Structures are given as structure tokens and as C-alpha cells.
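# Inside the fold
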Amino acid sequence: MSACLFCRIVAGEVPAQKVHEDDRVLAFRDISPKAPTHVLVIPRRHVGSLDELSAADGDLVGHLFLTVASVARQAGLDATGYRAVVNTGADGGQTVHHLHVHILGGRPLTWPPG
Ligand code: 5GP
Ligand code: ZN
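Residues numbered from 1 in each chain as written. Chains lettered and ligands numbered in written order. Predicted model: local features only at pLDDT ≥ 70, side-chain atom pairs only at ≥ 80, totals over all residues. Heavy atoms only, no water.

This brings us to the pattern of salt bridges. Overall, the coordinates contain 4 salt bridges when judged by the stated rule. Between R8 and E13 there is a salt bridge, and its shortest N-O distance comes to 3.4 Å. Looking at R8, the relative accessible area reads 23%, which means it is partly exposed. For E13, a relative accessible area of 39% corresponds to the partly exposed category. (Salt bridge = Lys/Arg side-chain N within 4 Å of Asp/Glu carboxyl O. Buried < 20%, exposed > 50% of the residue type's maximum accessible area, 1.4 Å probe, protein only.)

This is the structure we're talking about:
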């Protein structure tokens with residue numbers, strides 16, 4: 001059994017409210033939503049963070065971000081806008097060490113973040 005929480009969600013060992021899945025990525029609702037819509041999009045394969053990607057991952061990253069846009073559209077966020085965020089490392093506030101893109105929307109978001 002994997003020690004990585006999001007690998008366990010991919011494996012179906014931890015339940016999640018999935019909104020999209022295909023052979024390379026999975027999108028599911030954040031357990032502690034910070035906005036009316038808060039979805040996480042992750043690669044199925046374990047990648048610890050943005051910092052662990054290599055040049056060979058270009059297609060995966062492209063697909064990951066196209067999925068972000070498609071999930072946001074599906075949630076009706078394209079009309080009003082949304083934020084896609086990748087927290088990376090300690091100062092970035094990353095708490096789960098499996099690459100994920102946050103999709104936050106459904107309310108006006110402030111900038112800069114804390
Ligand atoms: P990070 O802080 O690493 O950028 O984001 C991790 C996110 O994962 C947080 O927003 C947190 O609420 C979410 N999260 C943590 N544990 C779980 C879980 O078991 N299930 C789901 N769906 N989300 C989780
Ligand atoms: Zn993982």
C-alpha cells in the first residue's frame with residue numbers, strides 16, 4: 001500500500017468525489033474547500049511536485065492543464081473566471097507531496113495570497 005495519500009486515492013483505497021478521470025489524470029473535490037468550487041487535478045503517476053518534473057513529462061503536463069481548463073468549463077467557471085494554483089515545497093505551502101493543481105472558483109478571489 002502506498003504511503004502517498006493521492007496515490008491511494010488513485011488506487012481507490014481512499015474515497016474521493018471524482019469529477020473527471022482518464023488514463024493519465026484524475027480530478028476530485030478538495031476535502032476542505034476554500035471556494036464554492038475547489039477541485040484538485042493530479043497525474044495518476046506519482047510525481048512529488050512541479051520540481052520533480054522532467055523534460056519527458058511535457059505531454060503529461062500539457063494534458064494536466066488542458067484537463068484543468070476542461071474541468072473548470074464543466075463546472076461553469078469559464079464565464080466568471082477561476083484560479084489554478086500549484087503549491088510547491090515548504091514556502092509554497094505544499095502539504096500533500098503528489099503534484100496537484102487546485103482549481104478555485106465560484107467567488108471573487110483576492111490577490112496576493114497570504
Ligand atoms: P496543498 O496544500 O498540498 O497544495 O493541497 C493539498 C490539498 O489536499 C488541501 O487543499 C487539502 O484540503 C486536500 N486534501 C488533504 N487530504 C485530502 C483527502 O483525503 N481528500 C481530498 N479530497 N482532499 C484532501
Ligand atoms: Zn503519490
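Once the structure has been displayed, the description carries forward.
The local shell around ligand 1 holds 17 residues, among which R29, D30, N87, T95 and H102 are the closest. Between ligand 1 and the protein, one listed contact pairs a nitrogen atom with a backbone N or O atom of R29 at 2.9 Å. Here an oxygen atom of ligand 1 sits 2.8 Å away from a polar atom, N or O, in the side chain of H102. A majority-of-atoms criterion places ligand 1 in the largest pocket. Broken down by secondary-structure element, the contributors of at least two residues to the shell around ligand 1 are α1 (5–10), β2 (25–29) and β3 (37–43). Per-class residue counts for the shell around ligand 1 are 7 nonpolar, 8 polar and 2 charged. (Near = heavy atom within 4 Å. Polar contact = N/O pair within 3.5 Å; in protein donor to acceptor, adjacent residues only side chain to side chain. 1 Å grid on protein atoms, 1.4 Å probe; cavity = no way out; pocket = protein on both sides within 12 Å on 5 of 7 lines; lining within 4 Å. Sits in = over half its atoms within 2 Å of the grid points. Helix = DSSP H or I, 4+ residues; strand = E, 2+ residues; numbered from the N terminus. Nonpolar A, V, L, I, M, F, W, Y, C, P; charged D, E, K, R; others polar.)

Tracing the sequence through the fold places H98 in the loop between α3 (89–92) and β5 (101–105). Aside from chain neighbours lying at most four places away, what touches H98 is C4, F6, C7, I42, P43, R44, R45, H46, V47 and G48. (Contact = heavy atoms within 4.5 Å.)

Turning our eyes to something else, we now look at the coordination of the zinc ion (ligand 2). Only C4 (SG), C7 (SG), H46 (ND1) and H98 (ND1) from the protein reach the zinc ion (ligand 2) as donors, at distances of 2.0 to 2.3 Å. Around the zinc ion (ligand 2), the 4 donor atoms are arranged such that angles at the metal cover 106 to 117°; this shape is classified as tetrahedral. Every donor residue of the zinc ion (ligand 2) comes from the same chain, spaced as C-x2-C-x38-H-x51-H. Of this pair, C7 sits in helix α1 while H98 sits in the loop between α3 and β5, and the two are 91 residues apart along the sequence. (Donors = N, O, S within 2.8 Å, 3.2 Å for Na, K, Ca; no water. Tetrahedral: all angles 85-135°; square planar, octahedral: opposite > 155°, others 65-115°.)

The subject of this paragraph is the sheet that holds strand β1 (residues 18–21). Two orientations exist for strands paired in a sheet by backbone hydrogen bonds: parallel and antiparallel. If you trace the 5 strands from one edge of the open sheet to the other, you get β1-β2-β3-β5-β4, paired in antiparallel fashion. Of all strands in the sheet, those bounded by a partner on one side alone are β1 and β4 (82–85). In this sheet, neighbouring strand axes are inclined to one another by 15° on average, regardless of whether the strands run parallel or antiparallel. Contacts between helix α2 (residues 58–74) and the sheet are confined to β1, β2, β3, β4 and β5, with β3 contributing the most and set at about 160° to the helix. (Pairing = 2+ DSSP bridges. Axes fitted to C-alpha atoms, helices over the stretch in contact; angles between N-to-C directions.)

Once that is clear, we can look at the nonpolar core. Within the largest apolar cluster, 14 residues are counted, with the highest numbers of intra-cluster contacts made by A27, V39, V41, L64, V68, V71 and I103. Where this core is concerned, the elements lending two or more residues are β2, β3, α2 and β5. In terms of residue count, the dominant contributor to this core is α2 (5 residues). The contact partners of I103, leaving out residues within four places of it in the chain, are T37, H38, V39, V41, V68, V71, A72, L77, Y82 and R83. The next biggest cluster of nonpolar side chains, apart from the first, holds 9 residues, and it includes C4, C7, L26 and V96. (Core = buried A, V, L, I, M, F, W, Y, C linked by side-chain atoms within 4.5 Å.)

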